[in-house]
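This is what each chain is made of:
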Amino acid sequence: MALPALSSSGVKFRRVLAHFPQELSLAFAYGSGVFRQAGDSAGPGENNMLDFVFAVDDAVTWHMMNLTKNRSHYSFLKVLGPKQINSVQNYGAGIYYNTLVPCNGRIIKYGVISTDTLIDDLLHWKTLYVAGRLQKPVKILTQNENSKLQAALVSNLKSAVTAAFLMLPESFSEEDLYMQIAGLSYTGDFRMIVGEDRSKVQNIVEPNVPHFQKLYSNILQDCPQVVYKHHLGRLEIDKSPEGQFAQLMSLPRTLQQQITSLVDPPGKNRDVEEILLQVAHDPDCGFVVHQGISRIVRSSSVVQSAKTILTAGVLHGKLITTENTDPSGRNRPQQMQMSNTRKDSRWSHDLLNEIVPRLCEKQSKWA
């Protein structure tokens, strides 16, 4: 089964893509610059930042080529070279973002992730960072013939459905399902507390139900554990312990590990299957799954946000942007002049050599 391609021509996005090295296994655009959100009167806002993710087989080589073509996109890290940039990329969620990049009359942000790291996240939800973005509608711009990547993309969608089923009641609407799926990657994200609009998930889903249907309708129709009443927009699932156990056993590995660590007392060391069987009989099964997802997302979001201070350009003599969310749920740039270069340099050195590695150490403990 192929990942559905969305219907718009994508010419403006591919024109952006032409500015970058073409050695990409996958490139997609996402967010409010691509899909209408609640509060947008007509369509995607022309003033909204365009967000991209590029998956590459060899990140060091790709950054080396991109530094030659687009050196100004990078923060002070460009002086350290592609190997150090790749080292920073590997912290946290394994993605390196260049932000506030002028391109074709728009402001863009793009993240670079290695193909292997992406596949690992799609299959196992190690961080649920890019995997979470790919559980929502995106505009696929290019994709090579990597069969492992294609299978992982589909597996990620199936895992999202399974996790959502475990947190939903026996009967629910199609929109309820998509709300649950769209919220997975925000569960436990501290930015939803300190910065993001709390109605973000609803703003994403309500105007884009047809796009969610393109992603998930085939999976729902083929799933033996659900009765999908497409014409009514309703679903019914098996909430028996046996049904929930089958769903728990098919969850991504990292989520299973988080669930077992929540339930199994220290030192008991029971088999994963035994623990998941216990959870399947627990009336709070859905809550336990929710807590497991929250642990994954919380750790990766903290480290990734710390990385942003490095990759967004603490040392730039330019204006940089912090994203604030207005009541309509649309991100608007707020310009801020950075000063005191020596202080910024000291901060950057501390982040690169001390703070970010310590956060990554904590991330591994949380996981």
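Residues numbered from 1 in each chain as written. Predicted model: local features only at pLDDT ≥ 70, side-chain atom pairs only at ≥ 80, totals over all residues. Heavy atoms only, no water.

Caption draft 1: Quick peek at the packing of helix α2 (residues 59-70) against helix α3 (residues 82-90). One way to put it is that α2 packs onto α3 with a least axis distance of 8 Å and a crossing angle of 125°. Between α2 and α3, the angle falls in the class oblique. The crossing of α2 and α3 is right-handed. Between α2 and α3, the residues in contact are Ala59, Val60, His63, Met64 and Leu67 and Pro82, Lys83, Ile85, Asn86 and Gln89, respectively. (Axes fitted to C-alpha atoms, helices over the stretch in contact; angles between N-to-C directions. Helix = DSSP H or I, 4+ residues; strand = E, 2+ residues; numbered from the N terminus. Parallel < 35°, antiparallel > 145°, perpendicular 65-115°, else oblique. Left-handed = near helix turned anticlockwise from the far one by under 90°. Contact = heavy atoms within 4.5 Å.)

Caption draft 2: Quick peek at the packing of aromatic side chains. Under the criterion given, the structure shown has 12 aromatic pairs. Between tyrosine 178 and phenylalanine 212, the ring centres sit 5.3 Å apart and the planes meet at 25°, which makes this aromatic pair stacked. Of this pair, tyrosine 178 sits in helix α7 (residues 174-183) while phenylalanine 212 sits in helix α10 (residues 209-222), and the two are 34 residues apart along the sequence. For tyrosine 178, a relative accessible area of 0% puts it in the buried group. Under the relative-accessibility criterion, phenylalanine 212 is labelled buried at 0%. Members of the aromatic cluster, joined through ring pairs, are Phe13, Phe20, Phe52, Phe54, Trp62 and Tyr110. We note lysine 109 situated over the ring of tyrosine 97; from NZ or CZ to the ring centre the distance is 5.2 Å. One residue, arginine 133, lies across the ring of tyrosine 129, its end atom 4.4 Å from the ring centre. (Phe/Tyr/Trp six-rings, centres within 6.5 Å; stacked < 30°, edge-to-face > 60°. Buried < 20%, exposed > 50% of the residue type's maximum accessible area, 1.4 Å probe, protein only. Lys NZ or Arg CZ within 6 Å of the ring centre and 35° of its normal.)

Caption draft 3: Up close: unusual backbone geometry. If you check the backbone angles, tryptophan 125 has positive phi at about 55° while not being a glycine. Within the secondary structure layout, tryptophan 125 lies in the loop between α4 (115-124) and α5 (130-133). Even without being glycine, leucine 128 reaches a positive phi, approximately 60°. When you line up the elements, leucine 128 lands in the loop between α4 and α5. According to the relative accessible area criterion, leucine 128 is buried, its value standing at 1%.

Functional significance is not addressed by these values, which are geometric in nature.
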